[in-house]
Amino acid sequence: EFTLWDGVNFSFELIMSAHDTSFRCMEWSHNNNYLLTSDAGGNIKYWSPSIAPVQSIDSHSKQPIHALSFSPSDTKFVSCGDDATVRVWDWAQRTEERVLEGHGWDVKCVQWHPRSSIICSGSKDNLVKLWDPSSKDGTGQLLSTLYGHKNTVTKVSWNQNGNWLLTASRDQLIKVYDIRTMKELCSLKGHHKEVTSIAWHPLYESVFASGGMDGTLLYWNIGTTGSEEPAARVNFAHDMAIWDMKWHPAGHCLATGSNDRQTKFWARNKPGSPAGLEEQTQEDDEEAAEIHVDEIELGNHVGIVIGKRGATIISMQRATGTKMHVDQVRRVLEIEGTQKQIDAVRKRVMALLDRVSNADSDRQQGQQRSTFAGGDSGAAGGGYYGPS
């Protein structure tokens, strides 16, 4: 399903069915005249400025296509998918020019350099590769391979200065490389689960935002005057993974899309503006600092809250600063922290339990429909055999 949003009134203007399978990526051309989209079935579609379909192309052996990116001149674009390839396309001819092969597993992200003929790709093989798609042999040339990550590379992003490359991974790290020297500038640790999205600020070259699998939104300022610690953190910005984010061209607003089926718009207050901030007194501060103990009933979903090897509960403890313990006999989650921290944990846990309950309900309904269908077909198969 395709949704067109109004960035002024924060409402949608258009909803339409665009692909037969789930969306994986969408990318505007640099001149903002055309849009490319891809899906889980290996289909790429061209869209006109009026959001009308222009062309449909099947590629990548009908495997999911995870990323698309235009060349600086908009005359070509690149795609990557689960067939472990990176493919370069001619925009006007709508034909595939070359296939870049070298990754050993699914290619999860790709982006064209903002000014040069260089393509960067990241894969499930933990590698980041730099390619020259304009090599004379017609096949594309591998320029370099970066081995900095220890798990799937989820996102890559070029800075507008053309010198810095940002990479994110499931190893919970964000790395910044200087491609002039092919050296790592810094490795940023701020997420407690895998990093799922990154976006450079359009105006300030040392500023970017990142989103995590646990719904955390981080704001970074690196460089000579920056820090390797997040400048700001929004815990539970979303209830689930933040799959994508994009800055407004003016840089004053950030849009995020999540697996919790919500799109959110974020903005900083003007200096000195109290908008969105509650006035706090000394009594409020003392009350906020008071430690409370609370419990949440988990029922049959104890294992869901604990997570694999305790990953889910550990992540929530780190993100909220609370102390938690699961009493598996009583089937309750014990929480120790401030009231604000407890409220944040309760919201997160209840959302998790609701999703699990809805999934169980849908599964049961599907089984019932299958049973009824089987019974109907059996009844239809049997007939009344009367005397001949």
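Higher on the page you've got the structure.
Conventions we followed
Residues numbered from 1 in each chain as written. Predicted model: local features only at pLDDT ≥ 70, side-chain atom pairs only at ≥ 80, totals over all residues. Heavy atoms only, no water. Helix = DSSP H or I, 4+ residues; strand = E, 2+ residues; numbered from the N terminus. Contact = heavy atoms within 4.5 Å. Buried < 20%, exposed > 50% of the residue type's maximum accessible area, 1.4 Å probe, protein only. Pairing = 2+ DSSP bridges. Polar contact = N/O pair within 3.5 Å; in protein donor to acceptor, adjacent residues only side chain to side chain. Arc of directions from axis to C-beta. Axes fitted to C-alpha atoms, helices over the stretch in contact; angles between N-to-C directions. Phe/Tyr/Trp six-rings, centres within 6.5 Å; stacked < 30°, edge-to-face > 60°.

(A) Representation of the environment of Ile51. You can see Ile51 is positioned in the loop between β5 (43-47) and β6 (53-58). On a C-alpha basis, the gap between Ile51 and Met16 in space is 9.8 Å, while along the polypeptide they are 35 residues apart. Not counting the four nearest positions on each side in its chain, Ile51 is found in contact with Phe2, Leu4, Leu14, Met16 and Trp28.

(B) Up close: the pairing of strand β17 (residues 173-178). Here β17 lies mainly inside the structure; 6 of its 6 residues are buried. Side chains of β17 alternate between two faces, with Leu173, Lys175 and Tyr177 and Ile174, Val176 and Asp178 buried alike. One ladder, built from 5 bridges, connects strand β16 (residues 164-169) with β17; its direction is antiparallel. Across the sheet, residue Trp164 finds its bridge partner in β17, namely Asp178. Between the antiparallel neighbours β16 and β17 lie 3 residues, among them Gln172 with a positive phi of about 75°.

(C) Just the side chain of His103, in detail. Position of His103 relative to the elements: it lies in the loop between β10 (95-101) and β11 (107-112). For His103, a relative accessible area of 8% translates into the label buried. Side-chain polar atoms of His103 contact the side chain of Ser121, separated by 2.7 Å. Of note is the side chain of His103, whose polar atom sits 3.2 Å from the side chain of Asp125. Not counting residues within four places of it along the chain, the set of residues in contact with His103 comprises Ala84, Ser121, Gly122, Ser123, Asp125, Leu127, Lys129 and Trp131.

(D) Structural detail: helix α3 (residues 311-320). Buried residues of α3: Ile313, Ser315, Met316, Ala319 and Thr320, and no others. What you see down the axis of α3 is that its buried residues fit within an arc of 160°, all on one side. A positive phi of about 75° marks Gly321, the residue just after α3.

(E) View of the sheet that holds strand β4 (residues 35-39). If you walk across this open sheet you meet the 4 strands as β3-β4-β5-β6, and the pairing is antiparallel. With partners counted over all chains shown, the strands left at the sheet margins are β3 (23-28) and β6, one partner each. Neighbour-to-neighbour, the strand axes of the sheet open up by a mean angle of 15°, direction not taken into account.

(F) Representation of the packing of aromatic side chains within the structure. Overall, the coordinates contain 13 aromatic pairs when judged by the stated rule. With a centroid separation of 6.2 Å and 35° between ring planes, the pair formed by Trp164 and Trp200 is classed as tilted. One end of the pair, Trp164, is in strand β16; the other, Trp200, is in strand β19 (residues 195-200), with 36 residues separating them in the sequence. The residues Trp164 and Trp200 share a single accessibility class, namely buried. One aromatic cluster in this structure is built from Tyr34, Tyr46, Phe70, Phe77, Trp89 and Trp91.

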